[in-house]
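Here is how the chains run, residue by residue.
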Amino acid sequence: MATWMARGKAGGSNPYIGLGLDESGNWIPGPPRVLSLLSSVLERSIRGNEKLLAASKIKDGMTIFHGTKEPSLNVRQYVERIFKYCKCSNSCFVVAIIYIDRFLQRIDAYLTSLNVHRLLITSVLVAAKFMDDQCYNNAYYAKVGGVSRDELNRLEMKLLFDLDFRLHVTTDVFNKYWLKIQQEGDAKSRTGNAQHIHGYRSKKDETGQGLVRRQSQR
């Protein structure tokens, strides 16, 4: 990220501490807090979406990201596996969520337990290729993600074309999504206020509001 992160210095309170940066702007070894926050947001989003779909009988759009059954690894385990083996920069996980949000908005679909894993591995791969100086190839990511290389190739192309190859994320958009992830990831006690990712927002609205939308707004 440009500005603060590019300078490697923290002014006042450090908004990126959860991304693995200390008060001096240096990377901290070990799993960053963003992994647990992100997992919490995704899991709560999935629960809210699936409850909404079941109650309203809304037909969710099927995509190549949908599996026939829920994978054995839960979201938290899957995110940690990607972090452990893919070695991408921590910021890629926030950018991946932005890509997922844009994608779901474009295709008018919901995040569920049947599509979250393929969306995660594909969006992190794309984010790492776009942002990082070095990145493992598709065959390696496919092995980490539990899919074939050919399938991951198809998933990557689907994501890229549906995003119109619009991969750039401004510092302002990144910061707003990161703030929302922190707010919603920490809000474990607000069970009656469940919010979820599904992409129903204006194409030009990238304030982070697309990440967390109340069920009553549908």
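Structure shown above.
First, a word on what this report is: a plain description of the structure on this page. The structure presented is a predicted model; accordingly, all values stated were derived computationally and were not measured.

Thresholds, definitions, all that
- Here the residue numbers are simple positions, counted from 1 along each chain's written sequence.
- Selection of residues for local features in this predicted model requires a pLDDT of at least 70, selection of side-chain atom pairs for listing and counting requires 80 or more, and totals for whole chains, interfaces and linings are taken over all residues.
- Remark: hydrogens and water are excluded; side-chain values derive from all non-hydrogen atoms of the structure.
- By definition, a salt bridge exists where a carboxyl oxygen of Asp or Glu is found within 4 Å of a side-chain nitrogen of Lys or Arg.
- Note on conventions: DSSP H or I runs of at least 4 residues are helices, E runs of at least 2 residues are strands, and numbering of each starts at the N terminus.
- Note on exposure labels: buried denotes an accessible area under 20% of the residue type's maximum, exposed denotes more than 50%, and partly exposed covers the range between, all computed with a 1.4 Å probe on protein chains only.
- Every axis corresponds to a line fitted to the C-alpha atoms, with the helix fit spanning only the stretch in contact, and the corresponding angles, defined between N-to-C directions, vary from 0 to 180 degrees.
- Roughly parallel means an angle under 35 degrees; roughly antiparallel, over 145; roughly perpendicular, 65 to 115; everything else is oblique.
- We call two residues in contact whenever any of their non-hydrogen atoms come within 4.5 Å of each other.
- Side-chain classes are defined by residue name, with Ala, Val, Leu, Ile, Met, Phe, Trp, Tyr, Cys and Pro counting as nonpolar, Asp, Glu, Lys and Arg as charged, and the others, Gly among them, as polar.

## Here we look at the pattern of salt bridges
By the definition in use, this model includes seven salt bridges. Where Lys-129 meets Glu-156, a salt bridge forms, and the shortest distance between an N and an O atom there is 2.8 Å. Note that Lys-129 is positioned in helix 5 (residues 116–131) and Glu-156 in helix 7 (residues 149–162), a separation of 27 residues in sequence. Lys-129 sits in the partly exposed class, given a relative accessible area of 39%. In this structure Glu-156 comes out as buried when scored by relative accessible area, which is 9%.

## Regarding the packing of helix 5 against helix 7
Each pair of packed helices gets described by two things: the angle between the helix axes and the distance between those axes. Remark: helix 5 packs on helix 7, axes separated minimally by 10 Å, with the N-to-C direction vectors making an angle of 70°. One finds that helix 5 runs roughly perpendicular with respect to helix 7. The segment helix 5 lies against helix 7, with Arg-118, Ile-121, Thr-122, Ser-123, Leu-125, Val-126 and Lys-129 engaging Glu-151, Leu-152, Leu-155, Glu-156, Leu-159 and Leu-160. Residues of the contact of helix 5 with helix 7, tallied by class, amount to seven nonpolar, two polar and four charged.

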